[in-house]
Amino acid sequence: MKSMTQVPDRRSVQSRNGAATAAPAPAHARARRRPTSQQWAAWGFLAPVTLYLALFYAYPLYRNLDLSLRNYTVRSFVQGDAPFTGLANYRKVFDDPTFAPALLHTAVFTTVCLVFQYAIGLALAVFFNQNFRLSATLRALFLVPWLLPLIVSASTWSWMLNSDSGIVNATLHAVGIGPVNWLTSPSWSLTSVIIANIWIGVPFNLVVLYSGLQSIPSSLYEAAALDGANAWRRFWSITFPLLRQVSAITLLLGLVYTLKVFDIIWIMTKGGPADSSTTFATWSYQLGFGNLLPAFGPGAAVGNLLVVAALVFGLIYLKVQRKQALS
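Since the model is a prediction, treat every value here as computed from it, not as a measurement. (Residues numbered from 1 in each chain as written. Predicted model: local features only at pLDDT ≥ 70, side-chain atom pairs only at ≥ 80, totals over all residues. Heavy atoms only, no water.)

**Remarks on the overall build of the chain**
Basically, it comes down to this: Going along the chain from the N terminus, every DSSP run of H or I of four or more residues is numbered as a helix, and every run of E of two or more is numbered as a strand. Relative accessibility decides the category of a residue: with a 1.4 Å probe and only protein chains considered, values under 20% of the type maximum give buried, values over 50% give exposed, and everything between is partly exposed. Any two residues whose heavy atoms approach within 4.5 Å at even a single point are treated as in contact. Every accessible area reported is derived by Shrake-Rupley at a probe size of 1.4 Å, with residue values counting cover from the shown protein chains alone.
Secondary structure summary: the chain contains 16 helices and two strands in total. Per-residue burial for the chain yields a buried fraction of 33% across its 327 residues. Restricting the contact set of the chain to residue pairs at least 6 apart, pairs at least 24 apart contribute 62%. With the model as given, the accessible surface of the chain reaches about 21,200 Å², and the carbon-plus-sulfur share is 67%.

Shown next as structure tokens:
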């Protein structure tokens, strides 16, 4: 049999006097220890984003959580000695008689706005996808509500829905219908802010869904038309299924935005009358800043409930997307 040659150990070498000395590390190992210029450039690009997220997202969330777990007063903000109360602020919020109506109004406001914004936006996107004359001009006009400052839009709707001098009641009077107290009646206040928010949110749905329609190959519609499929059948068999990913993103972003709508409701109704249009967003502001004796802890607790709701729906979206990717 051939004799086996012993491979010398790379970790150590034998010196001339018989002592073992450590071998130098391989070149590739030393290269891994030292960041390359590309790695430094990557960290340079990540640093501003990381700093921005830490300052404007992570720190405010931490402060809001700290507010909800302590009994903060105006004096506590100055001296910084707010006592820790645990979940007492959350129990106070749950026991408050405003909690149940605010939860119901938030759910109704969010659901109705999402449904109508998506439905109207999808209908307009399909309509403008025909690429007829003046299509680009009309699309630009539909973006006006989205581009206007929210305070301008809300003030405009407050004037239009005014019980005495509003153009809506003037139009109803012209066709023989009596005036409606849109903003001062508990039966109509929530409906009024829902209408205004739908009008503001439709352009966003139109833009996103229209971009999704542009990515669908026209050859699919041509093949379906040759097979005898009408317009309605082509929509349900081609357009709607291929828009599923874009629709999910649109609805998720719309949900997060609608949950935190505050300025439109506050300018139009201030959550009233008699809390008939109060949502979690307006209630959180009322608790923290709307009273002579502000309740910062309960106000922060209500705000955290909105954050948790948005986080839950976001996690559901990610789970559904992951399941669809694996299937």
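Moving on, there is more to tell.
**Regarding the pattern of salt bridges**
Our working definition: Salt bridge, as applied in this entry: a Lys or Arg side-chain nitrogen positioned within 4 Å of an Asp or Glu carboxyl oxygen.
Scanning the entire structure with this criterion turns up two salt bridges. Residue Arg63 pairs with Asp66 through a salt bridge whose shortest N-O separation is 3.4 Å. Placement of the pair is Arg63 and Asp66 together in helix H2 (residues 37-68), with a separation of three residues, close to one helical turn. Judged by its relative accessible area of 26%, Arg63 falls in the partly exposed class. Accessibility expressed as a relative area gives 12% for Asp66, which makes it buried. For Asp66, the salt bridge identified is with Arg70, shortest N-O distance 2.8 Å. Linked by salt bridges that have partners in common, Arg63, Asp66 and Arg70 make up one network.

**What to know about the packing of aromatic side chains**
Rules: Aromatic rings from Phe, Tyr and Trp, with only the six-membered ring used for Trp, were paired whenever their centres fell within 6.5 Å, and each pair was classed as stacked if the ring planes differed by under 30 degrees, edge-to-face if by over 60, and tilted otherwise.
Counting across every chain of the model gives 21 aromatic pairs. Aromatic pair Tyr59 and Tyr62: ring centres 6.4 Å apart, planes at 40°, arrangement tilted. Of this pair, Tyr59 and Tyr62 both sit in helix H2, separated by three residues, roughly a single helical turn. Here the aromatic rings of Phe128 and Phe142 are separated by 5.6 Å at their centres, their planes lie at 70°, and the arrangement is edge-to-face.

**Observations regarding the side chain of Ser276**
We count it as follows: Side-chain atoms alone can form a polar contact between residues adjacent in sequence; in general such a contact is a pair of N or O atoms within 3.5 Å, and within protein one must be able to donate a hydrogen while the other accepts it.
Structurally, Ser276 can be placed in the loop between helix H14 (263-268) and helix H15 (280-289). A distance of 3.4 Å separates a polar atom in the side chain of Ser276 from the backbone oxygen of Gly272. Residues in contact with Ser276, not counting those within four places in the same chain, are His105, Pro186, Ser189, Leu190 and Gly271.

**Regarding the nonpolar core**
Heads up, the condition is: Think of a nonpolar core as a cluster: buried Ala, Val, Leu, Ile, Met, Phe, Trp, Tyr and Cys residues, connected wherever their side-chain atoms sit within 4.5 Å.
Formed by 35 residues in total, the largest nonpolar core has its most connected members in Phe109 and Met268. Put simply, the parts of the chain that give this core at least two residues each are helix H5 (99-128), helix H8 (150-160), helix H10 (189-214), helix H12 (231-242) and H14. Once residues lying within four places of it in the same chain are set aside, the contact partners of Phe109 are Leu190, Val193, Ile194, Asn197, Thr258, Val261 and Ile265. If you look at the next biggest cluster of nonpolar residues, it comprises 16 residues, including Leu69, Tyr90, Val302 and Leu306.

**Notes on unusual backbone geometry**
Put simply, Gly272 and Pro273 share a cis peptide bond, and its omega is -5°. Inspection of the secondary structure puts Pro273 in the loop between H14 and H15. You will see that Leu134, though not glycine, has its phi angle at about 70°, which is positive. Relative to the elements of secondary structure, Leu134 occurs in the loop between H5 and helix H6 (135-142). If you check the backbone angles, Ala274 has positive phi at about 55° while not being a glycine. By the element assignment, Ala274 lies in the loop between H14 and H15.

**Focus: the environment of Val246**
Among the secondary structure elements, Val246 is positioned in helix H13 (residues 244-259). Separated by 35 residues in the primary sequence, Val246 and Ser211 place their C-alpha atoms 8.9 Å from one another.

**Topic: a nonpolar patch on the surface**
Cut-off, in case you're wondering: Surface patches are drawn from residues lacking salt bridges whose relative accessible area is over 30%; two like charges belong together within 9 Å, two nonpolar side chains (Val, Leu, Ile, Met, Phe, Trp, Tyr) within 5 Å.
A cluster of nonpolar side chains, contributed by Leu134, Leu138, Leu141, Phe142, Val144, Leu148, Ile151, Val152 and Trp199, occupies part of the molecular surface with about 760 Å² of accessible area. Residue assignment for the nonpolar patch shows that the elements contributing at least two residues are H6 and H8. For the nonpolar patch, the element with the most residues is H6, which contributes three residues. Inspection of the secondary structure puts Ile151 in helix H8. Accessibility expressed as a relative area gives 53% for Ile151, which makes it exposed.

**A word on the confidence of the model for the chain**
Selection rule: What pLDDT conveys is the predictor's confidence in a given residue, as a value from 0 to 100.
Predicted confidence across the chain gives a mean pLDDT of 85, with 90% of residues reaching 70 or more. Here strand E1 (residues 12-14) stands out as the least confident element of the chain, with mean pLDDT 45; H5 is the most confident, with 95. Every residue in residues 1-5 scores below 50 in pLDDT, and together they form zero contacts with partners more than four places removed in sequence or on other chains. Here residues 7-22 is modelled with pLDDT under 50, and outside its nearest four sequence neighbours on either side it reaches 12 contacts, counting other chains as well.

**Focus: H10**
In plain terms, the rule: For a helix, the expected span equals 1.5 Å multiplied by the residue count minus one. One axis is fitted to the seven residues ending at the residue and one to the seven starting there. The bend at that residue is the angle between these axes.
The end-to-end C-alpha distance of H10, which contains 26 residues, comes to 38 Å, matching closely the 38 Å that a straight helix rising 1.5 Å per residue would cover. Where H10 bends most, at Gly201, the angle is about 30°, and the proline Pro203 comes one to four residues later.

**What about the side chain of Thr269?**
With respect to the helices, strands and loops of the structure, Thr269 is situated in the loop between H14 and H15. Note on Thr269: relative accessible area 11%, which makes it buried. The contact partners of Thr269, leaving out residues within four places of it in the chain, are Leu183, Ser189, Val193 and Ser277.

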